[in-house]
Amino acid sequence: MKKILLPLACLVLSALLGACAPKGQMLSSESDAGNLWQSFVQRSSQPAEYKVLSGSLRFGPENDTRRVTYLLWSRSDADDSGMKDGHGPAGLDAADFDPDMPGDTRAILLEVNAGVGATVAKALFDNGRMLVVLPRDQKAYTGMESTENLRRLMGLPLPFSMNRLNDFLAGRYMSALDVPAPERYLSGNDGNIVYRYLSEGRTCELELNAEALPVRWSMDGRWTLNIAYGDDGLPHKLDGTMDNGEETLRMVLLVKERRNADTLPDLSMKLDVPQNVAVYSLDQ
């Protein structure tokens, strides 16, 4: 019986491992796919210029999305954490924002508007934490910049963090998507090449066009992101869908303008919480 069970167990294990591994041809450095990947690595490694971005964002259930406009800017040498409260936060410890917390040193500020001059939200993302102020509701929320906390605020779990989104829009695709060196690839449409890899146990695909630009990215069969580019060779449109098991969610982000920060001298990297706004923790 043992002689029969041992080979059978090996066959089952091999089948399971084969089912989990990315399919496709093996990637070699001498192949066209290998050369295109190296071009992608070089393009993604070029110094990024983080400009002030403005555009529109549409998100929500696929048949019921909401549209807002946004202004997004960042700075790597922000004073302190940039998170300044106009009064004592409700239910938060003084150590809620730890300046020694490891993470990206770039602080990012996001302003969301609905209509002309109607501010819906202001948010600051810094060192793995976030502060979101909702002026209309006279409320503010703070906590870790986690997928779950972002989902609570937006009703949509984003495919990556705000820092990685900022990286992606600036052309630093590898760091944004956390792409390891793939082992396999498939031939895609129009001469594109689709690279398959595993990231934190999740099966991912990255499709590159002939210019070594990512035009489609998918994660674990849940998120699928299609990317279009402007004349400057930087992302102009991110069109994503996600299946959460109950419904299909949609996110469409358009970058309509990129400006140098010095053209907008009033931009600040600090976010104040007004006295009449209550602050709540998302981590509790």
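Residues numbered from 1 in each chain as written. Predicted model: local features only at pLDDT ≥ 70, side-chain atom pairs only at ≥ 80, totals over all residues. Heavy atoms only, no water.

Chemist: Provide a residue-level description of the nonpolar core, including the pertinent values.
Modeler: Core analysis: the biggest nonpolar cluster contains 54 residues, and L206 and W217 have the highest contact counts within it. Setting aside residues no more than four positions away along its own chain, L206 makes contact with W37, F40, L177, V179, I193, V194, Y195, Y197, P214, R216 and W217. Ranked by size, the runner-up nonpolar core spans 14 residues in total, among them L71, L124, M269 and V279. (Core = buried A, V, L, I, M, F, W, Y, C linked by side-chain atoms within 4.5 Å. Buried < 20%, exposed > 50% of the residue type's maximum accessible area, 1.4 Å probe, protein only. Contact = heavy atoms within 4.5 Å.)

Chemist: Explain the pattern of salt bridges residue by residue, including any values.
Modeler: Oppositely charged side chains may form a pair once their charged atoms are brought near each other. Scanning the model with the defined rule gives eight salt bridges in all. For D178, the salt bridge is made with R164, and the minimal N-O distance between the two is 4.0 Å. Here the residue D178 occupies a position in the loop between α5 (173-177) and β9 (184-187), and R164 occupies one in helix α4 (residues 162-169), the gap between them amounting to 14 residues. For D178, a relative accessible area of 34% gives the class partly exposed. R164 gets classed as partly exposed once you look at its relative accessible area, which sits at 32%. With a closest N to O distance of 2.6 Å, E205 and R196 form a salt bridge. (Salt bridge = Lys/Arg side-chain N within 4 Å of Asp/Glu carboxyl O. Helix = DSSP H or I, 4+ residues; strand = E, 2+ residues; numbered from the N terminus.)

Chemist: Describe in detail the packing of aromatic side chains, supporting the description with residues and values.
Modeler: Counted according to the given criterion, the structure contains eight aromatic pairs. Their ring planes at 35° and their centres at 5.9 Å tell us that Y141 and Y280 sit as a pair that is tilted. Of this pair, Y141 sits in strand β8 (residues 139-144) while Y280 sits in strand β17 (residues 278-281), and the two are 139 residues apart along the sequence. Classification of Y141 as buried rests on a relative accessible area of 19%. For the pair F160 and F168, a centre-to-centre distance of 6.1 Å together with 20° between the ring planes defines the contact as stacked. On the basis of relative accessible area, F160 is assigned to the buried category, the value being 10%. The class of F168 is buried, set by a relative accessible area of 0%. Here the aromatic residues W37, F40, F160, F168, Y173, Y195, W217 and Y229 are joined through ring pairs into a cluster of three or more. (Phe/Tyr/Trp six-rings, centres within 6.5 Å; stacked < 30°, edge-to-face > 60°.)

Chemist: Explain the pairing of strand β14 (residues 235-243) to me, using residue names and the numbers behind them.
Modeler: Where strand β13 (residues 223-229) and β14 come together, seven bridges link them in antiparallel fashion. Each bridged residue has a counterpart across the sheet, and for L225 the counterpart in β14 is G240. Pairing geometry for β14 and strand β15 (residues 248-259), over seven bridges, is antiparallel. Bridge pairing links D239 to V252 in β15. Linking β14 to β15, which pair antiparallel, is a turn of four residues; within it G245 sits at a positive phi near 95°. (Pairing = 2+ DSSP bridges.)

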